[in-house]
Amino acid sequence: MRRDGPVLQPSGAPTYRVIGLLVGGGAIGRRLGYTGPYVAGPWLLKAVFSRLARRGRYVEWPRVAGFRDRHIVVRGDGRDLPQVPREQEQEALQ
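A count of helices and strands for the protein gives three helices and four strands. The order of helices and strands in the protein, counted from the N terminus, is β-α-α-β-β-β-α. Counting the 94 residues in the protein, one finds 26% classified as buried. Across the protein, the fraction of contacts at a sequence separation of at least 24, relative to all contacts at a separation of at least 6, is 46%. For the protein, the exposed surface amounts to about 7000 Å²; the carbon and sulfur share of it is 57%.

This is the structure we're talking about:
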């Protein structure tokens, strides 16, 4: 998510905008915050989740076609989804 959406009134604060999704079982550690560069521990959880994170994938928001029966429908072939880009991981921590 990126905080560059439309401004809310009356606070004047920008809203968040979804730019992509972390998907796959390997992304669970990233979603829980255990794989960021600023995480010091617990070391065992960080080690396990960092290893699993290699299997997680990133879907850019324009590739999301819709939602059906609690599933996200993605355009194209899921085999070509990239790993989570480092800059996206950094932005998620901010």
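Further notes follow.
Taken together, Met-1, Tyr-16, Val-18, Trp-61, Phe-67 and Ile-72 make up a surface patch of nonpolar side chains, about 630 Å² in accessible area. As for its position among the elements, Ile-72 is in strand S4 (residues 71-74). Under the relative-accessibility criterion, Ile-72 is labelled partly exposed at 42%.

What follows concerns the confidence of the model for the protein. Residue-level pLDDT values for the protein average 78, and 85% of them are 70 or greater. When mean pLDDT is taken per element in the protein, strand S3 (residues 64-68) scores highest with 93 and helix H3 (residues 86-93) scores lowest with 50.

Another point: unusual backbone geometry. Of note, the amide linkage connecting Gln-9 to Pro-10 takes the cis form, showing an omega dihedral of 5 degrees. Tracing the sequence through the fold places Pro-10 in the segment before strand S1 (20-23). With a phi angle near 50 degrees, Asp-69 is a residue other than glycine that sits in the positive phi range. Checked against the element boundaries, Asp-69 lands in the loop between S3 and S4. Here Asp-69 falls in the exposed class, since its relative accessible area comes to 66%. A positive phi is found at Arg-70, a non-glycine position, where the angle reads about 65 degrees. Its relative accessible area of 86% is what places Arg-70 among the exposed residues.

We now examine the pattern of salt bridges. Opposite charge on two side chains permits pairing when their charged atoms draw close. In total, this model carries three salt bridges according to the counting rule given. Asp-4 is the partner of Arg-17 in a salt bridge, and the nearest nitrogen-oxygen pair spans 2.9 Å. A residue pair is termed long-range when its members are at least 10 positions apart, and Arg-17 in the segment before S1 and Asp-4 in the segment before S1 qualify at 13 residues. Under the relative-accessibility criterion, Asp-4 is labelled partly exposed at 39%. Of the charged contacts in the structure, one is a salt bridge between Asp-80 and Arg-63, with a shortest N-O distance of 3.1 Å.

In this section: the side chain of Thr-15. Mapped onto the elements of the fold, Thr-15 is located in the segment before S1. Judged by relative accessible area, which is 18%, Thr-15 ranks as buried. For Thr-15, the residues in contact, after removing those within four places along its chain, are Arg-2, Arg-3, Asp-4, Gly-5, Pro-6 and Leu-8.

About the cut-offs
Sequence positions are assigned chain by chain, starting from 1 and proceeding in written order. Totals for whole chains, interfaces and linings use every residue, but because this is a predicted model, local features are given only for residues with pLDDT of at least 70 and side-chain atom pairs only at 80 or more, for both listing and counting. Side-chain figures throughout are based on the complete set of non-hydrogen atoms in the structure, without hydrogens or water. Elements are defined by DSSP. Helices are runs of H or I of four residues or more, strands are runs of E of two residues or more, and each kind is numbered from the N terminus. Any residue under 20% of the maximum accessible area for its type is buried, any over 50% is exposed, and the rest in between are partly exposed; the area is computed with a 1.4 Å probe on protein chains only. Contacts between residues were defined by any pair of non-hydrogen atoms, one from each residue, lying within 4.5 Å. In short, Shrake-Rupley with a 1.4 Å probe defines the accessible areas, and a residue's cover is counted only from the protein chains shown. Only residues above 30% relative accessible area that lack a salt bridge enter a patch, with like-charged residues linked at up to 9 Å and the nonpolar side chains Val, Leu, Ile, Met, Phe, Trp and Tyr linked at up to 5 Å. When a carboxyl oxygen of Asp or Glu is within 4 Å of a side-chain nitrogen of Lys or Arg, the pair counts as a salt bridge. Every residue is assigned a pLDDT by the predictor, reflecting its confidence on a scale from 0 to 100.

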